[in-house]
Amino acid sequence: MKIVNPKIEEYSQAHSQAPNLVLQELERQTHVTRLMPQMLSGALQISLLQMLVRLQEPKLAIEIGTFTGYSAIAMAEALPDDGFLHTIEINEELESMILQYFRKANVSQKIELHIGDAQEKINDIKGNFDLAFIDADKENYPLYYKMLLPRMKKGGIIIADNVLWGGKVVEPIKASDRQTQAIDEFNKMVLADDTVENVVIPIRDGLNVIRIK
Ligand SMILES: C[S@@+](CC[C@H](N)C(=O)[O-])C[C@H]1O[C@@H](n2cnc3c(N)ncnc32)[C@H](O)[C@@H]1O
């Protein structure tokens, strides 16, 4: 199910600031060289992510799920001068491409890439976060939320991608569909949590933007 009318999405993208040339090249290279390039965030969503980072001005940010570095570079570009981003990716085969594009985008000094399972790596990273972007294995969204929440600063934001999961969350969920179950559980967990306020934005595959009170 398409969440947004494609013509409306196209118009919105055409009337929003586009990702820069390095990000455009990385998007093309990801499509040419990687399986499942659809895992990339869309250009419009990236523009929103950059806007949220600019408004939040995080000193310390974390991303779970780097893929080829598209969203990580976009966030790093939007960080304040003294901001820093940790990004975690389990697939070590992506490491050289990610680091190549960090250099090309001139953001290497603002990002540290952690190769490994986020469930372990989150605990290795020190400090409390002003912003977290969750965009990895859907089954573990509830777990990542529980791990990140005590590490977030008051006023910090957690942004979770794919929270509408191609529209599957509004259909009867099959007992065997662990991914949709976990995303629905995550969305309900956030709504029931009175330590945060949130809004689900139906952009691309759905973003849940959560602010710590
Ligand atoms: C949707 S893609 C991320 C897209 C990226 N944020 C972007 O917008 O360009 C999800 C990534 O999460 C990674 N991943 C899956 N499970 C993970 C885990 N347990 N720990 C860290 N990364 C994981 C996958 O290998 C994949 O590259």
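Before any of the text, the structure's been laid out above.
Since the model is a prediction, treat every value here as computed from it, not as a measurement.

Looking at the ligand, there are 17 residues lining it, with Ser41, Gly65, Phe67, Tyr70 and Ser71 nearest. When residues of the shell around the ligand are traced back to their parent elements, those giving at least two are helix H4 (70-78) and strand S2 (84-89). In terms of residue class, the shell around the ligand is built from nine nonpolar, four polar and four charged.

Our focus in this paragraph is the nonpolar core. If you look at the biggest cluster of nonpolar residues, it comprises 51 residues, and the most contacted ones within it are Ala61, Ile73, Met75, Ala132, Ile134 and Ile158. Sorting elements by how many residues they give to this core places H4 first, with seven residues. Contacts of Ile73, omitting those with residues within four sequence positions, involve Val22, Leu23, Leu26, Tyr101, Phe102, Ala105 and Val107.

Glancing now at the pairing of strand S7 (residues 207-212). Note: strand S5 (residues 152-161) against S7, five bridges, orientation antiparallel. Residue pairing across strands places Ala160 opposite Asn208, the latter belonging to S7. Pairing between strand S6 (residues 196-201) and S7: six bridges, direction antiparallel. By the bridge assignment, Val200 is partnered in S7 with Asn208. Between S6 and S7, which pair antiparallel in sequence order, lie five residues; one of them, Arg204, sits at a positive phi of approximately 45°.

Scoring rules and cut-offs
- Each chain carries its own residue numbering, running from 1 in the direction its sequence is written.
- Since the coordinates come from a predicted model, pLDDT governs what is reported: local features require at least 70, and pairs of side-chain atoms require 80 or more to be given and counted, while whole-chain, interface and lining totals use all residues.
- Using a C-beta atom placed from the backbone for every residue, we mark a residue as near a molecule or strand if that atom lies within 6 Å of it.
- Helix numbering and strand numbering both begin at the N terminus, where a helix is a DSSP run of H or I of at least 4 residues and a strand a DSSP run of E of at least 2.
- Throughout, the ten residues Ala, Val, Leu, Ile, Met, Phe, Trp, Tyr, Cys and Pro are labelled nonpolar, Asp, Glu, Lys and Arg are labelled charged, and all others, Gly among them, are labelled polar.
- For the purposes of this analysis, a nonpolar core is taken to be any set of buried Ala, Val, Leu, Ile, Met, Phe, Trp, Tyr and Cys residues that are connected through C-beta atoms within 7 Å.
- Think of it as a crowd count around each C-beta: if 20 or more other C-beta atoms lie within 10 Å the residue is buried, if 12 or fewer it is exposed, and in between it is partly exposed, with C-beta placed from the backbone throughout.
- Here the contact rule is simple: place C-beta atoms from the backbone, and any two residues whose C-beta atoms are within 7 Å are in contact.
- Strands pair, by our definition, only if DSSP identifies at least two bridges between them.

Function-wise, these values are silent; they only describe arrangement.
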